Structure formats: structure tokens, C-alpha cells
Amino acid sequence: ASRNPPSSHTPLSRRMSQSSWSQAVRKVTGKKSRRSLVRFVFDTLGAMTVSPETFALLRLKLAPGLGPILIDRILEKFGSGAAAVEAIETRGAAALAGIERLGAETARKIAGAMGGTIAGAEEELRQLEGVGAVLYGLSDPGYPALLREIPGAPVTLSVRGTLDAERDRFGVAIVGSRKCTAYGAEQAARFASGLGSAGLTIVSGGARGIDTQAHAA
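Just so it is clear, the structure is predicted and the values come from calculations on it, not from any experiment. (Residues numbered from 1 in each chain as written. Predicted model: local features only at pLDDT ≥ 70, side-chain atom pairs only at ≥ 80, totals over all residues. Heavy atoms only, no water.)

J.: Any details on the overall build of the protein? Residues and values, ideally.
T.: From N to C terminus, the protein includes 10 helices and 4 strands. Evaluated residue by residue, the protein yields a buried proportion of 41% over its 217 residues. Sequence separation of at least 24 residues holds for 64% of the intrachain contacts in the protein that already meet a minimum separation of 6. (Helix = DSSP H or I, 4+ residues; strand = E, 2+ residues; numbered from the N terminus. Buried < 20%, exposed > 50% of the residue type's maximum accessible area, 1.4 Å probe, protein only. Contact = heavy atoms within 4.5 Å.)

J.: Tell me about the nonpolar core, residues and numbers included.
T.: Formed by 30 residues in total, the largest nonpolar core has its most connected members in Leu-60, Leu-66, Ile-74, Phe-78, Leu-96, Leu-102 and Ile-110. For this core, the secondary-structure elements that each account for two or more residues are α3 (52-62), α4 (68-78), α5 (81-91), α6 (104-113) and β2 (156-160). In this view, Leu-66 contacts Leu-60, Lys-61, Ile-71, Ile-74, Leu-102 and Ile-110; residues no more than four positions away in its chain are not counted. One finds Val-50, Ala-121, Leu-125 and Leu-135 within the second-largest nonpolar core, a separate group that totals 10 residues. (Core = buried A, V, L, I, M, F, W, Y, C linked by side-chain atoms within 4.5 Å.)

J.: Quick rundown of the pairing of strand β1 (residues 133-137)? Include the residues and the values.
T.: Counted residue by residue, β1 has 4 buried out of 5 residues, so it is predominantly covered. Examined bridge by bridge, β1 and β2 share 5 bridges and lie antiparallel to one another. Residue pairing across strands places Gly-137 opposite Thr-156, the latter belonging to β2. (Pairing = 2+ DSSP bridges.)

J.: Give a description of the environment of Leu-96 that names residues and reports values.
T.: Locating Leu-96 in the fold gives a position in the loop between α5 and α6. For Leu-96, a relative accessible area of 1% gives the class buried. Separated by 12 residues in sequence, Leu-96 and Arg-108 have C-alpha atoms that sit 9.0 Å apart. Discounting residues that sit within four places of it in the chain, Leu-96 has contacts with Ile-74, Lys-77, Phe-78, Ile-88, Leu-102, Ala-107 and Ile-110.

J.: Go over the pattern of salt bridges with me, naming the residues and quoting the values.
T.: This structure, assessed with the given rule, holds 4 salt bridges. When the shortest N-O distance is used, the salt bridge between Arg-108 and Glu-105 registers 2.8 Å. You can see Arg-108 and its partner Glu-105 sitting in helix α6, 3 residues apart, about one turn around the helix. Given a relative accessible area of 44%, Glu-105 falls into the partly exposed group. (Salt bridge = Lys/Arg side-chain N within 4 Å of Asp/Glu carboxyl O.)

J.: Explain the packing of aromatic side chains to me, using residue names and the numbers behind them.
T.: Counted under the stated rule, the structure contains 0 aromatic pairs. Above the plane of the ring of Phe-191 lies Arg-190, whose end atom (NZ or CZ) is 4.8 Å from the centre. (Phe/Tyr/Trp six-rings, centres within 6.5 Å; stacked < 30°, edge-to-face > 60°. Lys NZ or Arg CZ within 6 Å of the ring centre and 35° of its normal.)

J.: For unusual backbone geometry, give the residues involved together with the corresponding values.
T.: We note that Arg-101 has phi near 60°; this positive angle belongs to a residue other than glycine. Among the structural elements, Arg-101 can be located in the loop between α5 and α6.

J.: Describe α3, with residues and values.
T.: Since one α-helical turn is 3.6 residues long, residues separated by three or four positions face the same way. Most of α3 is tucked away: 9 of the 11 residues are buried. Those residues of α3 lying buried are Pro-52, Glu-53, Thr-54, Phe-55, Ala-56, Leu-57, Leu-58, Arg-59 and Leu-60.

J.: So what's going on with helix α7 (residues 117-130)? Which residues, and what values?
T.: Relative to the 20 Å expected for 14 residues at 1.5 Å per residue, α7 spans 20 Å between its end C-alpha atoms, a close match to the ideal helical length. Listed in full, the buried residues belonging to α7 are Thr-117, Ile-118, Ala-121, Glu-122, Leu-125 and Leu-128. Viewed end-on, α7 has its buried residues packed into an arc of 140°, placing them on one side of the element. Looking one or two residues beyond α7, the residue adopting positive phi is Gly-132, at roughly 75°. (Expected span 1.5 Å × (residues − 1). Arc of directions from axis to C-beta.)

J.: Before we move on, can you summarise the layout of surface pockets with the specific residues and values?
T.: Each pocket or cavity is described by its volume, and for the largest pocket that value is around 520 Å³. If you trace the largest pocket, you find 19 residues lining it, with Pro-144, Leu-147, Thr-201, Ile-202 and Val-203 closest to the centre. Residue assignment for the lining of the largest pocket shows that the elements contributing at least two residues are α8 (145-148), β3 (171-173) and β4 (201-203). By residue class, the composition of the lining of the largest pocket is 11 nonpolar, 6 polar and 2 charged. (1 Å grid on protein atoms, 1.4 Å probe; cavity = no way out; pocket = protein on both sides within 12 Å on 5 of 7 lines; lining within 4 Å. Points joined across faces, edges and corners; volume = space filled by probe spheres on them. Nonpolar A, V, L, I, M, F, W, Y, C, P; charged D, E, K, R; others polar.)

Here is the structure:
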């Protein structure tokens with residue numbers, strides 16, 4: 001299913017009142033904000049700010065036993081990351097019943113660990129801020145539109161540098177061996193240079209070898 005950014009997306013602001021925070025969370029969840037989510041907002045003032053939905057997606061990503069495919073199925077069931085976290089915190093493992101390839105034991109582990117993901121998510125945001133990076137969630141306007149459409153798309157992206165949703169809309173991945181030959185390195189650089197000159201954004205895994213050559217062109 002297509003996952004377009006919800007029109008209710010509300011970027012967080014350091015100057016919002018507590019009632020405004022609650023309203024922002026309600027726009028995403030459709031319910032009264034949970035204390036844990038509001039606590040995050042006020043405990044991390046001055047640090048990186050993200051939308052309530054992006055913070056919820058980061059918590060799901062940090063939960064044990066959850067990878068891109070299972071998170072994708074959870075989002076299909078609940079409609080948003082914030083709604084999913086709300087349901088898991090309220091109903092426990094029962095909230096995850098009926099999700100394909102998510103067994104009862106895994107559901108119990110996820111539910112049991114969900115509370116601990118708050119601290120983990122806060123720490124990840126602090127680390128990202130420390131290196132000058134930002135975090136985009138699926139619903140954020142800056143998240144690449146075409147990437148959002150693929151099955152199992154990453155629910156959050158850590159970005160260091162500049163990511164322009166329009167300019168970087170069309171990208172091509174160049175990846176390969178870390179222990180590449182001289183010819184392989186030469187060709188990776190040649191293709192990357194030509195494609196980059198044509199206006200395409202080069203994407204790689206950032207490893208040594210072919211990946212490095214793709215960005216050195």
C-alpha cells in the first residue's frame with residue numbers, strides 16, 4: 001500500500017506549550033497523548049527535536065525482534081507508529097495478534113521491551129545530534145518519496161549533510177566488493193561520475209572499496 005505523508009504532520013518546536021504537545025500527539029495517534037511520549041518532549045528540550053510519529057517509529061525500530069518487514073506489517077495494521085506504540089503499551093502482546101509471521105513469543109518480547117525503547121531512542125537522538133546528523137521518519141516531508149514506496153522501507157533515516165527531497169528524488173545505488181580490483185574501482189568511479197553529472201543522486205552503503213569509489217568520483 002502507498003504510504004504518503006499524513007497532512008497532520010506537525011514538526012516539534014522548542015517553544016510549544018504542554019497543551020500544544022498533547023494536541024500534536026493527538027493529531028498523529030487520534031487519542032490522548034501518553035505520558036511517556038510527552039515526557040520525552042520535555043526531558044529533551046535543547047536536543048534534537050523530531051515529530052511524535054518519528055519518535056514512535058524509532059522506538060519500534062529499537063524493539064527486539066522487529067525488522068523492516070514486520071514493522072511494515074505493524075504500520076499497515078495500526079496506521080501509524082504512534083498508534084502502534086500506544087496499542088502495545090496499552091494492550092501488551094495482545095495488540096500484535098494476527099500480524100503475519102509475528103509469533104506469540106516475539107510479541108511478548110516486543111511488548112516487554114517497549115518501555116525501555118524510550119531511553120534507547122533518546123540516546124540515539126543525542127548521538128545523532130553529536131555528529132551533526134538529523135533523523136527523518138516515514139511521515140516527514142524530507143523523507144525520500146520513492147524510498148517510502150518500497151516494501152520494508154526503513155522507517156527512519158539518519159542523515160548527515162543535506163538531503164533535498166526534490167533534488168535527490170531520483171537516485172541510483174552503486175555498491176560492490178570491499179576488496180575490489182583496480183578495474184572495478186575505475187568503473188565504479190566512471191559510472192558514478194556520469195550518472196551524477198546527469199543529475200542522479202549516487203547512493204551506496206558507505207563501505208570501503210566500490211562504495212567509496214562511487215562517492216569519490
